[in-house]
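Geometric and topological summary
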Amino acid sequence: MPKLCQPATLEDLALKGCVKYLRVVGQQIVEVLNESLTIETQLPVYIDMLNLLFDMNVPCYLFDKLKTLVFEEIEQMVKEIKKNIDARSNPTKFLTRTRIAVQLAEVVMSRHLRVLRFDKMPKTIRQPFYINLNRCSGLVVLDMGSMSGGWKTEDVEHFYLNGLNTMTNLRSVTLAYDCTDNILDMLAMTAPLISHIDVSNSKLITDLSVDRLLRFKHLQSVQLHRTSVTMEGYSYLLLYSEHLADLGKYDDIGRLLEYMDQLNPQKTRFKLRKFLTTYATSKHLQLLCEKCPEIDTVSIFHNKLLVDLTLLVGLNNLTTLKLLSCDFFGDRIRDILKIKGCNLTHLHLEHVDEIDLNALTYISQYCPDLKILSLYNCQLLDSTSVYIRKPTIPPFMNLERLTFAAQGSRKHLEFLLRDAYRIKYISLGTQSPTCDQLFSNILGCNPLQYLEEMRIVHSDEVTITTAYKLANNCPNLKYLKELEGWTSVKESEIEAFKLYIKTRNLDLDITPWRKVGME
């Protein structure tokens, strides 16, 4: 049975009280400010007073948690305002209430904030943060989201310049679509300790921008996908950046290594740790093994006419392997795992054919320390041969996360989960062969005592009985998602299950993902 809900901490109660106070004050401000002319002069005064009040009384380490609660509360307030509007409502009052609710978000604009991600923020309250970004001078992580989407870069550039010039503590910054050389110049002066920069989709980032990027002496990761940086710019960046380990997704990274080998053959080693591409040849993999011995992550879209995957065995530090569009036996993935599987902790197979029980057995035996396994759009077969290899050690004992979005049978899922005693996360796609008997068999040999999250996107055969079994047998289960996608489960049964959770005070969340805004 899941753990019981614990009483809220005093910190959480205090933060909720602050949010409740903010709502009450916001309603009082609405009653006072009824005319638009009054709003222009008086609303900023009220907001500044609230901002100072929160800044002086909320401990700095709680501001990020307060920010989340305030955003949720304001989003709820805006929904309530929209819900109460009708044809007879005064549009001026509606706009006044909405504007006041949105600007209440400014109370958390403080030097105490450490993380700010605009893609996690309700769209209705982003504009005040764009305008007053300079008030969040203590940020360590900043993700500006898509901003204008690259359509009005010149118009939004001044927002970046005015906001980022106070952020001396930045370590990670995402400026997708709208980054410019002027912004990089300013960041290099104000935040020299940045180690991660994402300027993907910014068309104004060119080879001339590479000099700016090299001014970040601690740069370890840079994302330049879909920018105007050419191969020459990439090569210059790779040659002269002291700590660069990640270039992000770059389909010409193999050609880049080949180009640099011809241009500067005396440079024998690079510190790259990730190789992510949809195009590679055998020559590229050979150069990868020679020039980048520290590579630990490889993602390749396989083309059997161009590349021999067995060359990956030359990578001694390989821990994460992602393969797309290949055959398990025909392309000798089994042989690769036999040699390198002992180091692998993350294996992702997408559109990989010839996977049967034998193949799953090989994966389990050759990769004993595998922690994350993902199977996407693969068609799993019962057997491609008469011989079924028997595992010598319990399969997938150390597996912690399983994503199964593939066609297969109950045998495959039972094999994957019956001995996965440390599994924490299970996600089963729409084509997964799920039913009540499957989970009964799994729970019969594996109590899933460490399972924290179970997500079954769709099923025609799983009933509410399975939900009760999981709730009663998995002591660490916190999330059981997508019950609405179980076609055999009625809405009344879900409501009864919610009541079961509530009356027993279980710490179990069954809220649909779409309602919590996560996916």
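For clarity, every value in this text was computed on a predicted model and none was experimentally measured.

Quick notes on the rules
Residues numbered from 1 in each chain as written. Predicted model: local features only at pLDDT ≥ 70, side-chain atom pairs only at ≥ 80, totals over all residues. Heavy atoms only, no water. Phe/Tyr/Trp six-rings, centres within 6.5 Å; stacked < 30°, edge-to-face > 60°. Helix = DSSP H or I, 4+ residues; strand = E, 2+ residues; numbered from the N terminus. Buried < 20%, exposed > 50% of the residue type's maximum accessible area, 1.4 Å probe, protein only. Lys NZ or Arg CZ within 6 Å of the ring centre and 35° of its normal. Pairing = 2+ DSSP bridges. Axes fitted to C-alpha atoms, helices over the stretch in contact; angles between N-to-C directions. Right-handed = clockwise from strand over helix to strand, strands pointing away. Core = buried A, V, L, I, M, F, W, Y, C linked by side-chain atoms within 4.5 Å. Parallel < 35°, antiparallel > 145°, perpendicular 65-115°, else oblique. Contact = heavy atoms within 4.5 Å. Nonpolar A, V, L, I, M, F, W, Y, C, P; charged D, E, K, R; others polar. Expected span 1.5 Å × (residues − 1). Left-handed = near helix turned anticlockwise from the far one by under 90°.

Remarks on the packing of aromatic side chains
- Tallied over the entire structure, the rule returns 11 aromatic pairs.
- The interplanar angle of 85 degrees and the centroid separation of 6.1 Å between the aromatic rings of F396 and F415 together place this pair among those described as edge-to-face. Residue F396 is located in the loop between strand 10 (372-379) and strand 11 (401-407), and its partner F415 is located in helix 14 (residues 410-417); the two are separated by 19 residues in the primary sequence. This pair shows no difference in class: F396 is buried, exactly as F415 is.
- Cluster of aromatic residues (ring-pair linked, three or more members): F328, F329, Y362 and Y366.
- Over the ring of Y362 we find R334; its NZ or CZ atom is 5.2 Å from the centre of that ring.

A word on the sheet that holds strand 7 (residues 297-301)
- With parallel pairing, nine strands are arranged side by side in an open sheet as 6-7-8-9-10-11-12-13-14. What marks the edges here is a single partner per strand, and that holds for strand 6 (274-277) and strand 14 (479-481). Adjacent strand axes in the sheet meet at a mean angle of 10 degrees, parallel and antiparallel pairs treated alike.
- The pairing of strand 6 with strand 7 spans four bridges and is classified as parallel.

Brief notes about the pairing of strand 8 (residues 320-327)
- The element strand 8 is largely enclosed, with a buried count of six among its eight residues.
- Where strand 7 and strand 8 come together, five bridges link them in parallel fashion. Following the sheet pairing, T297 is matched in strand 8 by T320.
- Of the strand pairs in this sheet, strand 8 and strand 9 (residues 346-353) are connected by seven bridges, and their pairing is parallel. By the bridge assignment, L323 is partnered in strand 9 with L349.
- Of the crossover connections in this fold, the one passing from strand 8 over helix 12 (residues 333-340) to the parallel strand 9 is right-handed.

Overview of the nonpolar core
- With 161 residues, the main nonpolar core has L142, L164, L170, F275, I355, L416 and F497 as its most contacted residues.
- Here this core takes eight residues from helix 3 (residues 63-83), the largest share from any one element.

Let's talk about the packing of helix 13 (residues 357-366) against helix 14
- Where helix 13 contacts helix 14, the axes come no closer than 11 Å and their chain directions differ by 10 degrees. The pairing of helix 13 with helix 14 is recorded here as roughly parallel in orientation. Seen from helix 13, the contacting residues are L357, L360, T361 and S364; seen from helix 14, they are K411, H412, F415 and L416.
- Of the residues in the contact of helix 13 with helix 14, the class split is four nonpolar, three polar and one charged.

Points about helix 1 (residues 10-32)
- The terminal C-alpha atoms of helix 1, which comprises 23 residues, lie 33 Å apart, in line with the 33 Å expected from a rise of 1.5 Å per residue.
- For helix 1, the full list of buried residues reads L15, V19, L22, R23, V25, G26, I29 and V30.

Focus on the packing of helix 15 (residues 436-445) against helix 16 (residues 464-473)
- Interhelical geometry of helix 15 versus helix 16 gives an angle of 20 degrees and a closest axis separation of 9 Å. By the angle between their directions, the pair helix 15 and helix 16 is classed as roughly parallel. For the crossing formed where helix 15 meets helix 16, the hand is left-handed. Counted together, D436, F439, S440 and L443 of helix 15 and T465, T466, K469, L470 and N473 of helix 16 form the full contact between these two elements.
- Residue composition of the contact of helix 15 with helix 16, grouped by class: three nonpolar, four polar and two charged.

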